[in-house]
Amino acid sequence: MTRVYNFNPGPAVLPLSVLETAQRELLDYKGNGISIMEMSHRSAQFEEINREAESLVLENAGLAAADYRVLFLQGGASLQFSMIPMNLLPSGATADYIITGSFAEKAYQEAVKLGSIHVAASTKASNHSIIPRQEELQFSENPAYVHITTNNTIYGTQWPYIPDCGSAFLVADMSSDILSRELELSRFDLIYAGAQKNMGPAGVTVLIIRKSMLEQASENLPSAMLSYKIHAENDSLYNTPCTFGIYIVRLVMQWVKEMGGVKALGALNRQKAALIYDVIDNSGGFYRGHAAMVARSEMNITFRLPGAELENKFVQEAPKAGMIGLKGHRSVGGIRASIYNAMPLEGCQALASFMQEFARRNG
Ligand code: PMP
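Remember, predicted model here, so these are calculated numbers, not experimental data.

J.: Can you walk me through the site of the ligand in this structure?
T.: In the neighbourhood of the ligand, 13 residues make up the surrounding shell, with Ser78, Thr153, Asp173, Gln196 and Lys197 lying closest. Between an oxygen atom of the ligand and a side-chain N or O atom of Thr153, the distance comes to 2.4 Å. When residues of the shell around the ligand are assigned to their parent elements, the largest contribution, 4 residues, is made by helix H3 (residues 76-88). Its residues assigned to classes, the shell around the ligand comprises 3 nonpolar, 8 polar and 2 charged.

J.: What is the right way to look at the pattern of salt bridges in this model?
T.: Pairing between side chains becomes possible if they bear opposite charge and their charged atoms approach one another. Under the definition given, this model contains 14 salt bridges. A salt bridge links Lys257 to Glu59, with the nearest nitrogen and oxygen atoms 3.1 Å apart. Here Lys257 is found in helix H7 (residues 243-258), whereas its partner Glu59 is found in helix H2 (residues 44-61), with 198 residues between them in sequence. A relative accessible area of 45% places Glu59 in the partly exposed class. Put simply, Arg361 and Glu357 hold a salt bridge, and the shortest N to O gap is 2.7 Å. You can see Arg361 and its partner Glu357 sitting in helix H10 (residues 345-362), 4 residues apart, about one turn around the helix. Take Glu357: its relative accessible area is 29%, and that puts it in the partly exposed class. Each of Glu54, Arg69 and Asp235 takes part in one network of salt bridges that share partners.

J.: Teacher, can you tell me more about the pairing of strand S8 (residues 169-173) here?
T.: Successive residues of a regular strand alternate their side chains across the two faces of the sheet. Within S8, 5 of the 5 residues are buried, leaving the element largely enclosed by the surrounding structure. On S8, burial covers both faces: Phe169, Val171 and Asp173 on one face and Leu170 and Ala172 on the other are all buried. Sheet analysis places S8 next to strand S9 (residues 190-194), joined by 3 bridges and oriented parallel. Within S9, the position partnered with Asp173 by the bridge is Tyr192.

Cut-off values and rules
Residues numbered from 1 in each chain as written. Predicted model: local features only at pLDDT ≥ 70, side-chain atom pairs only at ≥ 80, totals over all residues. Heavy atoms only, no water. Near = heavy atom within 4 Å. Polar contact = N/O pair within 3.5 Å; in protein donor to acceptor, adjacent residues only side chain to side chain. Helix = DSSP H or I, 4+ residues; strand = E, 2+ residues; numbered from the N terminus. Nonpolar A, V, L, I, M, F, W, Y, C, P; charged D, E, K, R; others polar. Salt bridge = Lys/Arg side-chain N within 4 Å of Asp/Glu carboxyl O. Buried < 20%, exposed > 50% of the residue type's maximum accessible area, 1.4 Å probe, protein only. Pairing = 2+ DSSP bridges.

Here's what the structure looks like:
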């Protein structure tokens, strides 16, 4: 077996030990004689997995079960772009959006179809290479909530601080940096993430919501499937959920705990990112980072080389050195290295060495 270093932005690298456990349990889950995939979502075994996954998410997030609920939903983070305003933007109220990248823009585009939306800041003019400072945020009078994207997967920027938005609820798309750094998550009222980067496989979306916010969610929605309250009342089992995905989320959450939690992973992630940024900063201009220094992401590192030809060459040669998934998104170009929690330090060391050697040969 040859495993490569997988720098894909999502679906992305998973911890090897999680894949091995899933493989071991695939044909016969704990003596039940069937696989998780064949098991009823109403079975006691699955309900236990579901409950454990929920409590491990909260434990790793450092949030109290008395204050927050976890829901496992489908439709990707993208469906949350609609479900959030449907559930939490009452008619007549305004929600504030901060546009720091493509997904923040998409969240905004969906929200404007459903209610009154105010843009509190946008970084579009810089091609989303920066994050606005607190004093640049211009909130509306009394927003129902403020929506931010804590890590911008395509542009490689990350909020270095949690914005203060007064008494308004704070809602965050954390798809690409959830549980990757120490952040005071209790300052957020709603957090959501497609699982396929830091939490598990594609097909399950993790949503963490403060109970007092959940209480205010609309009960007048065109479908029960769109209702946070219905999903919460049914412990995410209103319909058939992504059972295998939730099972893997539980394994990944156990792995996070074993690794020393977000504190230890955060320190490791800083070290991993620094290896690559150091090569960029010491390359004499051969590599040019897209993100402004203060806004640099520890999860997605975006950079350019001198010309598209060299960038193509880089992407083509990397797999020969055991590294895949490095082509940047077309809206930024160049290279993107996604180094989520499950990317080992060795993967970042390998990439840093490859970059140095590539620059020597082509600089
Ligand atoms: N938000 C962010 C920050 C993302 O990176 C992505 C996916 N790359 C999405 C939302 C969309 O997620 P999904 O594909 O699960 O709908």
